[in-house]
Amino acid sequence: MAPTPPPPPVLKAFSLTTTPTPLPGGQGQSFLSGAAVIKFVGPIDAEEAEWTSYTLVSLPPSPYFTIPALIPTSTGHYVYEGWTAAHFCTGTDRPVGHWDELFLAARHFHKALEGVQEPEFLRRRMHPWARGDRVAWGEEAVDVVPPLAPMYEKLLSLRKDVIAVPAQ
C-alpha cells in the first residue's frame, strides 16, 4: 500500500508548492516537497511533535549537531492536521566508523537540552516507542509472550547504569 501524501491544505499551511514524493525508509510517512520534508505524525502524536518543535527551535546553533530548520505553519504552529515540516538535510544512515563523532554530538545535544523541563504528557504516552523507551531506562516493566521471554531477559541483563546525569 502506497503512503498517502499530504493533502493540498496541508501543503498550503506550510507554504509548500511542489508535489510531494515519498521518501524511502522510516515508516513510510515522510515526503519530499521541494527542499522540505513533510511528515505525518498523526493526531495522537501532535502534542509531542508541537512541543518537540518549539524545544528544538529554541536551541542555539551548534557545530556538533544539526537540527533541520523547522517550518512553521501560517498560524505559527509546527503541526497542521497531524503533519510537520522541516528543511531537508542530507545525512548518513551508516554510523559505523563514526562513533566518536556521534557520541560527541550526543553529549553536546544533551548539554543544549539542559534545563528543558519534561512536560507531563510525555509520561502518559502509551505508543510502543514510548513504552520501549521506559523499559530501556528501567522505568517500566512489560509482559512478553513466552517465546520472546528468554531474549527479553537477556536484553534486560545487558542494561547498565548510566553515569549520573539528569534525565532529559
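Let me begin by describing the structure that accompanies this report. Since the structure is predicted, the reported quantities are computational estimates derived from the model, not experimental observations.

## Section: the pattern of salt bridges
- A full pass over the atoms with the stated rule returns 5 salt bridges.
- The residue R125 makes a salt bridge to E48 at a minimum N-O spacing of 2.9 Å. Of this pair, R125 sits in the loop between α4 (121–124) and α5 (128–136) while E48 sits in helix α2 (residues 46–57), and the two are 77 residues apart along the sequence. Taken as a pair, R125 and E48 share a single burial class, namely buried.
- In the salt-bridge network here, residues are joined through shared partners; they are R131, R134 and E140.

## A short note on the sheet that holds strand β4 (residues 83–87)
- If you trace the 4 strands from one edge of the open sheet to the other, you get β1-β2-β3-β4, paired in antiparallel fashion. The sheet is open, and its two edges are formed by β1 (21–22) and β4, each paired on a single side.
- One ladder, built from 4 bridges, connects strand β2 (residues 30–33) with strand β3 (residues 36–40); its direction is antiparallel. In the strand pairing of β3, L32 is matched with V37.

## Let's talk about the packing of aromatic side chains
- In the structure shown here, the tally under the stated rule is 6 aromatic pairs.
- Ring centres of F31 and W83 lie 6.0 Å apart, and the angle between their planes is 55 degrees; on these two criteria the pair is classed as tilted. Placement of F31 in strand β2 and of W83 in strand β4 is noted, with a sequence separation of 52 residues between them. The pair formed by F31 and W83 is uniform in burial state, with each residue classed as buried.
- Joined through ring pairs, the aromatic side chains of F31, F40 and W83 make up one cluster.

## Quick word on the nonpolar core
- Formed by V10, L11, F14, L16, F31, A36, I38, I71, W83 and A85, the largest nonpolar core amounts to 10 residues.
- Secondary structure elements with two or more residues in this core: α1 (8–13), β3 and β4.
- In contact with A85, other than residues within four places in its own chain, are F14, V37, I38, L70, I71 and Y78.

## Some remarks on the side chain of R125
- For R125, a relative accessible area of 19% translates into the label buried.
- A distance of 2.9 Å separates the side chain of R125 from the side chain of E48, its partner in a polar contact.
- Looking at R125, its side chain comes within polar contact range of the main-chain oxygen of L122, at 3.0 Å.
- In this view, R125 contacts E48, A130 and R134; residues no more than four positions away in its chain are not counted.

## With respect to the environment of A149
- Locating A149 in the fold gives a position in helix α6 (residues 149–158).
- Residues A149 and L16, spaced 133 residues apart in sequence, show a C-alpha to C-alpha distance of 47 Å.

## Quick look at the pairing of β3
- A loop of 2 residues connects β2 with β3, the two strands running antiparallel in sequence, and G34 in this loop sits at a positive phi of about 65 degrees.
- Here β3 pairs with β4 via 5 bridges, running antiparallel. The residue bridging A36 from the neighbouring strand is H87, located in β4.

Rules of the game
- Residues numbered from 1 in each chain as written.
- Predicted model: local features only at pLDDT ≥ 70, side-chain atom pairs only at ≥ 80, totals over all residues.
- Heavy atoms only, no water.
- Salt bridge = Lys/Arg side-chain N within 4 Å of Asp/Glu carboxyl O.
- Helix = DSSP H or I, 4+ residues; strand = E, 2+ residues; numbered from the N terminus.
- Buried < 20%, exposed > 50% of the residue type's maximum accessible area, 1.4 Å probe, protein only.
- Pairing = 2+ DSSP bridges.
- Phe/Tyr/Trp six-rings, centres within 6.5 Å; stacked < 30°, edge-to-face > 60°.
- Core = buried A, V, L, I, M, F, W, Y, C linked by side-chain atoms within 4.5 Å.
- Contact = heavy atoms within 4.5 Å.
- Polar contact = N/O pair within 3.5 Å; in protein donor to acceptor, adjacent residues only side chain to side chain.

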